[in-house]
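Residue strings, one per chain:
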Amino acid sequence: MQPATQQLESVATHFTWDGVARHTRQRRAREGGDGDPGNERCDALITETARCLECDLDATSGLAALEASGLRSAPVVDDNGVLVGVVCHAALARLREFDELEVEDAMITDLVTVTQDATVAELAKLMAQHGLERVPVVTHDGHLVGVVSSMDVVRWLADRLP
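Parameters at a glance
Residues numbered from 1 in each chain as written. Predicted model: local features only at pLDDT ≥ 70, side-chain atom pairs only at ≥ 80, totals over all residues. Heavy atoms only, no water. Salt bridge = Lys/Arg side-chain N within 4 Å of Asp/Glu carboxyl O. Buried < 20%, exposed > 50% of the residue type's maximum accessible area, 1.4 Å probe, protein only. Helix = DSSP H or I, 4+ residues; strand = E, 2+ residues; numbered from the N terminus. Pairing = 2+ DSSP bridges. Contact = heavy atoms within 4.5 Å. Axes fitted to C-alpha atoms, helices over the stretch in contact; angles between N-to-C directions. Polar contact = N/O pair within 3.5 Å; in protein donor to acceptor, adjacent residues only side chain to side chain. Patch = residues over 30% accessible without salt bridge, like charges linked within 9 Å, V, L, I, M, F, W, Y side chains within 5 Å. Areas by Shrake-Rupley, 256 points an atom, 1.4 Å probe, with all protein chains shown as cover. Lys, Arg positive; Asp, Glu negative; His and termini not counted. Charge placed at Lys NZ, Arg CZ, Asp CG, Glu CD.

### So, the pattern of salt bridges
Working step 1: Under the counting rule described, the total for this entry stands at three salt bridges.
Working step 2: For R41, the salt bridge is made with D43, and the minimal N-O distance between the two is 2.6 Å.
Working step 3: Judged by relative accessible area, D43 falls into the partly exposed class, the value being 23%.
Working step 4: A salt bridge links R155 to D152; the nearest nitrogen and oxygen atoms lie 3.2 Å apart. Taken as a pair, R155 and D152 lie in helix α6 (residues 150–160) at a separation of three residues, close to a single helical turn.
Working step 5: Accessibility expressed as a relative area gives 43% for R155, which makes it partly exposed.

### Here we look at helix α5 (residues 120–130)
Working step 1: Three or more residues of α5 are buried, namely V120, A121, L123, A124, L126, M127 and A128.
Working step 2: The first or second residue beyond α5 is G131, which carries a positive phi of 65 degrees.

### Points about the sheet that holds strand β4 (residues 114–115)
Working step 1: Pairing is mixed in the open sheet, where three strands are placed in the order β4-β5-β6. Across the chains shown, the open sheet's two edge strands, defined by having one partner strand only, are β4 and β6 (144–149).
Working step 2: The strands that α5 touches are β4, β5 (134–138) and β6; relative to β5, the one it contacts most, it runs at about 140 degrees.

### Observations regarding the sheet that holds strand β3 (residues 83–88)
Working step 1: Read from one edge of the open sheet, three strands run β1-β2-β3, paired in mixed fashion. If you trace the sheet from one side to the other, it starts and ends with β1 (53–54) and β3, each paired once.

### Thoughts on the environment of R41
Working step 1: Counting through the fold element by element, R41 comes out in the loop between α2 (18–31) and β1.
Working step 2: In contact with R41, not counting residues within four places along its chain, are Q116, D117, A118, T119 and V120.
Working step 3: A polar side-chain atom of R41 sits 2.6 Å from a polar atom in the side chain of D43.

### Considering a negative patch on the surface
Working step 1: A surface patch of negative charge is lined by E54, D56, D79, E100, E104 and D105.
Working step 2: Relative to the assigned elements, E54 resides in strand β1.
Working step 3: Exposure remark for E54: the relative accessible area of 43% places this residue in the partly exposed category.

### Some details on the pairing of β3
Working step 1: Alignment of strand β2 (residues 73–77) against β3, held across five bridges, turns out to be antiparallel. Bridge pairing in β3 places P75 opposite V86.
Working step 2: What sits between β2 and β3 in their antiparallel hairpin is a turn of five residues, with G81 showing a positive phi close to 85 degrees.

### Some words on the pairing of β6
Working step 1: The buried fraction of β6 is high, at five of six residues.
Working step 2: With five bridges joining them, β5 and β6 adopt antiparallel strand pairing. Considered in β6, the bridge of R134 is made with S149.
Working step 3: Between β5 and β6, which pair antiparallel one after the other, the connecting turn spans five residues, and G142 there sits at a positive phi close to 90 degrees.

Structure follows, in structure tokens:
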């Protein structure tokens, strides 16, 4: 059995499986498009608007927001909605005793993102290469559009299987 990242990479590299490609070509013929399922834009996979935190929110409030939403991590945006980082529950929990610290003090800023016009194939390859379960989707000027998870990719693929 292949590791999950290799399987995902295999899926990303071989989006022209006969059944998937045939089904997608038929759908695209009805809707317009080139018929290659891997060329569909990744923003079509966003299932909901990402719940995000603002970078100047205090760490305790950020932790409470994550816990209330049931999330383990969230994108962090500035006042203009530009993605500036991602923060996880564990990092905020370590800061909860320091009232003067903000979400930006706990966030990761070295991010792997895709632009909203990237293809599903590009997204899947990126996720496989970096071992990512979630990838923020941004506009060309960095505004957060949403987040795509590996489960979103699997659902997208399952919807295209005959």
